[in-house]
Amino acid sequence: MRIRTLTRPEGSAAAPVAKDTAAARPQDAPARRSSRPSRRFRPNGGPGRFAVFAAPGLLAYLALVLVPIGMTAGYSLTNRNPFNPPTQWVGLSNLTSLFSDDDFLKALQNTVVITVIVTLVTNAGGLAIALLLDRRGWLYNALRSVFFVPVVLSAVVVSVIWQSILVDDGLLNSMLRQLGMSHPPGWLSDPSLALYTVSWVIAWQGLGFCVVIYLAGLQGIPQELYEAAAIDGCGPMMRFRHVTWPMLAPAVTINTVMSLIGGFKAYDQIQVLTNGGPGPGTTSTLAFQVVQTAFNGNHVGYASAMAVAMLILVATVSVIALGWLQKREVSA
């Protein structure tokens, strides 16, 4: 009986041998990362991290806003004059004297007139221009940039440009003379026109800001509302009244409050265009009167009282306007 012996062929691979699992893993395989976030990159760093990031801004706000307001309020209770010491405590006598000061009351009246004109012109004109520019195309994009340019310019630069146009022998009057007008108006030299001319310059510079805000509001209105209104038979005026105007309530709030604040703090245009004239206090505003009293008259205490009264007035008007306009947003 033959017994066949099976032999392994030459060159055949040896039988696989079990290896250690750790040795079988490639050396360059990345280690398994924990799903737990690292302590260094934890999103909630606590109050310490908030304090680190907020400290520079808070310190700047404290040093440049709160501290000057506190110092002004303190000076308003004294008769401080740096060239006539010593400083004495006078209490509220500076504030009470403002109600019988003709210069202050005239400046308050001029400020109110400027604020009303600026608020009305910038909002009405800004809304009208925004409705015209609410189109697509490179031309409308270019026009948007053109209308916004005065906003980024300095008020002094804008005033110097307009002064060269509005003076008696300026560009505007030269054009009117060429058209046959022998005695053109004195836009800055006539006491009956100077205040309205200055108001126009201030409104012209702030017009671009209102245009941008209204454009943003118009582009945020869903087109489905206009389509539904058109299906119901609403014409352009009805669509504006029942769709556009209610949806623009937040934009109206922003522009109105900003225009009110801008009108109350008008100073640069007054200083460059008229220097408070022509005549005594014709175009003087509260901000202009504060600067003149403090730096020309050296009555720092009395000027501080004017500044405090101006702050209270602006804050009161802004809060009332903001509350009324926000109620309109809810009702709209």
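Residues numbered from 1 in each chain as written. Predicted model: local features only at pLDDT ≥ 70, side-chain atom pairs only at ≥ 80, totals over all residues. Heavy atoms only, no water.

(A) Main features of the side chain of Thr-115. Mapped onto the fold, Thr-115 is located in helix α4 (residues 102-133). Excluding anything up to four places from it in sequence, Thr-115 contacts Leu-260, Gly-263 and Phe-264. (Helix = DSSP H or I, 4+ residues; strand = E, 2+ residues; numbered from the N terminus. Contact = heavy atoms within 4.5 Å.)

(B) Seen up close, the packing of helix α10 (residues 236-247) against helix α11 (residues 249-264). Two elements in contact, α10 and α11, have axes whose closest approach is 4 Å; the angle formed by their N-to-C orientations is 50°. On the basis of their axis angle, the class for α10 and α11 is oblique. Residues Trp-245, Pro-246 and Met-247 of α10 touch α11, and the partners they reach there are Ala-249, Pro-250 and Val-252. Tallied by class, the residues present in the contact of α10 with α11 amount to six nonpolar, no polar and no charged. (Axes fitted to C-alpha atoms, helices over the stretch in contact; angles between N-to-C directions. Parallel < 35°, antiparallel > 145°, perpendicular 65-115°, else oblique. Nonpolar A, V, L, I, M, F, W, Y, C, P; charged D, E, K, R; others polar.)

(C) Structural view of the packing of aromatic side chains. A complete count under the given rule lists four aromatic pairs for this structure. Centroid distance Trp-162 to Trp-200: 6.3 Å. Interplanar angle 90°. Geometry classified as edge-to-face. One end of the pair, Trp-162, is in helix α6 (residues 155-166); the other, Trp-200, is in helix α8 (residues 194-219), with 38 residues separating them in the sequence. Pairing Phe-240 with Trp-245 gives two aromatic rings, centres 6.4 Å apart and planes at 35°, and the pair type is tilted. What makes Phe-240 partly exposed here is its relative accessible area of 25%. Among the aromatic residues, those joined into a ring-pair cluster are Trp-162, Trp-200 and Trp-204. (Phe/Tyr/Trp six-rings, centres within 6.5 Å; stacked < 30°, edge-to-face > 60°. Buried < 20%, exposed > 50% of the residue type's maximum accessible area, 1.4 Å probe, protein only.)

(D) Representation of the side chain of Ser-76. Turning to its location among the elements, Ser-76 is positioned in the loop between α2 (46-75) and α3 (93-97). Ignoring any residue separated from it by four or fewer positions in sequence, one finds Ser-76 in contact with Gly-91, Asn-94, Gly-301, Ser-304, Ala-305 and Val-308.

(E) Broad picture of the environment of Thr-197. Tracing the backbone shows Thr-197 in helix α8. Judged by relative accessible area, which is 7%, Thr-197 ranks as buried. Between the alpha carbons of Thr-197 and Leu-273 there is a distance of 9.4 Å; along the sequence they are 76 residues apart. Sequence-distant contacts of Thr-197, that is, excluding residues within four places in its chain, are made with Leu-166, Trp-187 and Leu-188.

(F) Quick peek at unusual backbone geometry. The peptide bond linking Pro-85 to Pro-86 adopts the cis configuration, its omega dihedral lying at 0°. Cis peptide bonds are those with omega within 30 degrees of zero, and the linkage from Gly-277 to Pro-278 qualifies with -5°. If you trace the backbone, Pro-278 turns up in the loop between α12 (268-273) and α13 (286-296). We note that Asn-275 has phi near 55°; this positive angle belongs to a residue other than glycine. By the element assignment, Asn-275 lies in the loop between α12 and α13. In this model, Asn-298 sits at a positive phi of 60°, which is unusual for a non-glycine residue. Within the fold, Asn-298 resides in the loop between α13 and α14 (300-331).

(G) The nonpolar core, seen in detail. Among the nonpolar cores identified, the biggest contains 19 residues, and Val-211, Tyr-214 and Leu-248 are the most heavily contacted of them. Contributions of two or more residues to this core are made by α4, α8, α9 (223-231) and α11. A total of six residues in this core trace back to one element, the largest contributor, which is α8. The residues contacting Val-211, other than those within four sequence positions of it, are Gly-126, Ile-129, Ala-130 and Leu-133. (Core = buried A, V, L, I, M, F, W, Y, C linked by side-chain atoms within 4.5 Å.)

(H) Local environment of α6. With twelve residues, α6 should cover 16 Å at 1.5 Å per step; its first-to-last C-alpha distance of 16 Å lies within 8% of that length. Contacts made by the buried residues of α6 are with α5 (138-152), α7 (171-178), α8 and α12. Two or three places before Val-156, at the opening of α6, Ser-154 has a side-chain oxygen 3.2 Å from that residue's backbone nitrogen. (Expected span 1.5 Å × (residues − 1). Polar contact = N/O pair within 3.5 Å; in protein donor to acceptor, adjacent residues only side chain to side chain.)

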